[in-house]
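A closer look at the structure
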Amino acid sequence: LVERCCQQLTAEPLLAGVKLLLTAGPTREALDPVRYISNHSSGKMGFALAAAAAELGAAVTLVTGPVNLPTPVGVRRIDVESALQMHEAVMSRIGECDLFIGCAAVADYRPAQVASQKIKKTGDNDQMALSLVKNPDIIAAVGALSDKPFTVGFAAETVDVEQYALDKLRRKRLDMIAANDVSRAGQGFNADDNALTVFWQGGQAALPLADKLTLARHLVALIARHYRP
Ligand code: PMT
């Protein structure tokens, strides 16, 4: 209650009346009943964005992969596991939202077959090959909609960060993209801090290293200014 009161009293409601759909966390792509392919996303960045947007008055729906974080105050949370489930959760709600932010680290590929029983180690082979198939690109599907919401993506990159981010901005038909250099120690995946460079058509802004909630507040304020110039 105290947290909610502080939100209401301190933040200017730049996003009052705006419906935001947001993805966060990793996805898990099952191999068998006990194993999966995933990544190091903790959900911290996405949950911080959800909290920051709620502070500014947005009605926030957070679709999240498996993470170990409490739901931010005032945020509606939908838990999913796989990229296919996240795709379904997003596409079934996208028509109701004004803003979409894709912060989730969605697995690009999933195992072609999910074994119904635990895969056993065999004595006769030291190698094992996995066959993978491409997952749907959720944010690209949002960007392709004729009546798309204002759409903000992330680009987690280890090299040529700006170049790849600008390519994703254009190819996925995004309004903004937050480039995240995940090669640097102490920021990005599973860290408490992060730094971003945000690009849009004709402009860019550097958001320097800060804790993820502070950074999320800066990013959400920037998005609000572009969404409602
Ligand atoms: O969760 P944390 O530990 O706090 O870490 C935060 C973070 C590093 C995960 C976050 O800041 C971040 O960079 N998120 C994007 C991670 C990512 O998968 O980026 P990408 O460059 O692979 O994807 C580009 C964009 O397409 C992203 O908006 C992603 O959500 C989206 N995407 C990707 C693949 C796919 N199948 N569907 C998608 O929607």
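Please read these numbers as outputs of a predicted model, since none were measured by experiment. (Residues numbered from 1 in each chain as written. Predicted model: local features only at pLDDT ≥ 70, side-chain atom pairs only at ≥ 80, totals over all residues. Heavy atoms only, no water.)

Another aspect to go through is the site of the ligand. Neighbouring residues of the ligand: 27 residues in total, closest Ser41, Ser42, Lys168, Asn180 and Asn190. A distance of 2.9 Å separates a nitrogen atom of the ligand from a polar atom in the backbone of cysteine 103. Taking lysine 172, its side chain carries an N or O atom lying 3.0 Å from an oxygen atom of the ligand. Relative to its unbound accessible area of 780 Å², the ligand is 95% covered by the protein chains. Mapping the ligand onto the cavity grids shows that it belongs to the largest pocket. (Near = heavy atom within 4 Å. Polar contact = N/O pair within 3.5 Å; in protein donor to acceptor, adjacent residues only side chain to side chain. Areas by Shrake-Rupley, 256 points an atom, 1.4 Å probe, with all protein chains shown as cover. 1 Å grid on protein atoms, 1.4 Å probe; cavity = no way out; pocket = protein on both sides within 12 Å on 5 of 7 lines; lining within 4 Å. Sits in = over half its atoms within 2 Å of the grid points.)

With that out of the way, let us pick up the pairing of strand 2 (residues 29-32). Looking along a regular strand, one sees the side chains alternate between the two faces of the sheet. Across 3 bridges, strand 2 lies against strand 3 (residues 35-37) in antiparallel orientation. Directly across from aspartate 32, in strand 3, lies its bridge partner arginine 35. With antiparallel pairing between neighbouring strands as the criterion, strand 2 and strand 3 make up a hairpin whose turn holds 2 residues. (Pairing = 2+ DSSP bridges. Helix = DSSP H or I, 4+ residues; strand = E, 2+ residues; numbered from the N terminus.)

By size, the foremost hydrophobic cluster in this structure holds 39 residues, and its most contacted members are Leu15, Leu49, Val60, Phe154 and Leu219. Broken down by element, the residue count for this core peaks at 8 residues, all from helix 2 (residues 44-55). Every residue in contact with phenylalanine 154, bar those within four places of it in the chain, is listed here: Met45, Leu49, Ile101, Gly102, Cys103, Ile177, Ala178, Leu196 and Leu219. Judged by nonpolar contacts, the second largest core, of 22 residues, contains Val90, Cys97, Ala104 and Leu169. (Core = buried A, V, L, I, M, F, W, Y, C linked by side-chain atoms within 4.5 Å. Buried < 20%, exposed > 50% of the residue type's maximum accessible area, 1.4 Å probe, protein only. Contact = heavy atoms within 4.5 Å.)

In this section: the pattern of salt bridges. Tallied over the entire structure, the rule returns 10 salt bridges. One salt bridge in this structure joins arginine 35 and aspartate 32, with 2.5 Å as the shortest N-O distance. Here aspartate 32 falls in the buried class, since its relative accessible area comes to 4%. With a closest N to O distance of 2.7 Å, lysine 172 and aspartate 137 form a salt bridge. Of this pair, lysine 172 sits in the loop between helix 5 (161-171) and strand 10 (176-181) while aspartate 137 sits in the loop between strand 8 (132-134) and helix 4 (138-143), and the two are 35 residues apart along the sequence. Of the residues examined, lysine 172 reaches a relative accessible area of 16% and is grouped as buried. (Salt bridge = Lys/Arg side-chain N within 4 Å of Asp/Glu carboxyl O.)

A word on helix 2. An α-helix turns once every 3.6 residues. As a result, residues three or four positions apart point the same way. Given a rise of 1.5 Å per residue, 12 residues ought to cover 16 Å, and the 16 Å separating the end C-alpha atoms of helix 2 matches this to within 8%. Counting buried residues along helix 2, 11 of its 12 residues qualify, which places the element largely inside the surrounding structure. Restricting attention to buried positions, one finds in helix 2 the residues Met45, Gly46, Phe47, Ala48, Leu49, Ala50, Ala51, Ala52, Ala53, Ala54 and Glu55. Phi turns positive, to about 95°, at glycine 57, one or two residues after helix 2. (Expected span 1.5 Å × (residues − 1).)

It is worth spelling out the packing of aromatic side chains at this point. Summed over all chains, the structure comprises 1 aromatic pair. Consider the rings of phenylalanine 150 and tyrosine 227, whose centres lie 5.9 Å apart with planes at 75°: the pair is edge-to-face. A residue pair is termed long-range when its members are at least 10 positions apart, and phenylalanine 150 in strand 9 (residues 150-157) and tyrosine 227 in helix 6 (residues 212-227) qualify at 77 residues. (Phe/Tyr/Trp six-rings, centres within 6.5 Å; stacked < 30°, edge-to-face > 60°.)

Before going further, it helps to spend a moment on the state of the cysteines. Within the structure shown, the criterion is met by 0 disulfides. With no disulfide partner, cysteine 97 has as its closest neighbouring cysteine sulfur the one in cysteine 103, 16 Å distant. A relative accessible area of 12% means that cysteine 97 is categorised as buried. (Disulfide = S-S within 2.5 Å.)

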